[in-house]
Amino acid sequence: IKGKEQSGKLKITKHDEHIHFTFLGLLGVEPKIDIEGEYDEGLIIIQNYGNSMNQFTRFSECDVKYIQLVKEE
């Protein structure tokens with residue numbers, strides 16, 4: 001989300017060929033749990049909301065399903 005900054009701790013775990021990130025202390029809107037993302041091809045991807053079977057919201061002010069974090073040059 002452009003213009004927002006957050007500092008804190010980042011937990012990195014690797015399972016098989018997948019790298020997962022947990023942003024400790026950065027809580028989603030509903031449920032209020034730590035936000036998680038996955039590293040894929042140079043991007044950290046966060047699923048922003050679920051579906052009718054698995055409802056959740058990470059950032060209510062953002063309406064895209066997948067948020068991609070890109071390292072600034």
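Everything that follows concerns the structure shown earlier in this document.
Residues numbered from 1 in each chain as written. Predicted model: local features only at pLDDT ≥ 70, side-chain atom pairs only at ≥ 80, totals over all residues. Heavy atoms only, no water.

Digging into the overall build of the chain
Logical step 1: Within the chain one finds zero helices and five strands.
Logical step 2: Listing the helices and strands of the chain from first to last along the sequence gives β-β-β-β-β.
Logical step 3: Taken along its principal axes, the extent of the C-alpha atoms in the chain is 30 × 30 × 20 Å.
Logical step 4: When the accessible surface of the chain is totalled, it reaches about 6,100 Å², and 50% of it is carbon and sulfur. (Helix = DSSP H or I, 4+ residues; strand = E, 2+ residues; numbered from the N terminus. Areas by Shrake-Rupley, 256 points an atom, 1.4 Å probe, with all protein chains shown as cover.)

Observations concerning the layout of surface pockets
Logical step 1: Looking at the largest pocket, its volume works out to about 570 Å³.
Logical step 2: Together, 20 residues line the largest pocket, and Lys-4, Gln-6, Leu-26, Phe-59 and Leu-69 are the ones closest to its centre.
Logical step 3: Looking at the lining of the largest pocket, the elements that each hand over two or more residues are strand S1 (9-15), strand S2 (18-27), strand S4 (43-47) and strand S5 (66-69).
Logical step 4: By residue number, the principal contributor to the lining of the largest pocket is S2, which donates four residues.
Logical step 5: Of the residues belonging to the lining of the largest pocket, the class tally is 11 nonpolar, four polar and five charged. (1 Å grid on protein atoms, 1.4 Å probe; cavity = no way out; pocket = protein on both sides within 12 Å on 5 of 7 lines; lining within 4 Å. Points joined across faces, edges and corners; volume = space filled by probe spheres on them. Nonpolar A, V, L, I, M, F, W, Y, C, P; charged D, E, K, R; others polar.)

Focus on the nonpolar core
Most often, soluble globular proteins have nonpolar side chains that are buried together.
Logical step 1: One finds Phe-21, Phe-23, Ile-35, Ile-44, Ile-46, Phe-59, Cys-62 and Ile-67 forming the largest nonpolar core, which totals eight residues.
Logical step 2: Of all the secondary structure elements, the ones that give two or more residues to this core are S2 and S4. (Core = buried A, V, L, I, M, F, W, Y, C linked by side-chain atoms within 4.5 Å. Buried < 20%, exposed > 50% of the residue type's maximum accessible area, 1.4 Å probe, protein only.)

A few points about the sheet that holds S5
The strands that make up a sheet pair up through hydrogen bonds in the backbone, lying either parallel or antiparallel.
Logical step 1: Spatial strand order, S1-S2-S3-S4-S5: five strands in an open sheet with antiparallel pairing. The strands lining the two open edges of the sheet, one partner per strand, are S1 and S5. Averaged over all pairs of adjacent strands, the angle between strand axes in this sheet comes to 30 degrees, irrespective of strand direction.
Logical step 2: Bridge count between strand S3 (residues 34-40) and S4: three bridges; the pairing is antiparallel. Paired with Glu-38 across the two strands is Ile-45, which belongs to S4. (Pairing = 2+ DSSP bridges. Axes fitted to C-alpha atoms, helices over the stretch in contact; angles between N-to-C directions.)

Notes on the pairing of S2
Logical step 1: Two elements, S1 and S2, share seven bridges in a ladder whose sense is antiparallel. Within the sheet, the bridge partner assigned to Thr-13 lies in S2 and is His-20.
Logical step 2: Once S1 ends, the chain turns through two residues before running back antiparallel as S2, passing Asp-16 with a positive phi of about 55 degrees.
Logical step 3: Inspection of the sheet shows S2 paired to S3 by six bridges, in the antiparallel sense. Bridge pairing in S3 links Phe-23 to Ile-35.
Logical step 4: The hairpin turn running from S2 into S3, its antiparallel successor, is six residues long.

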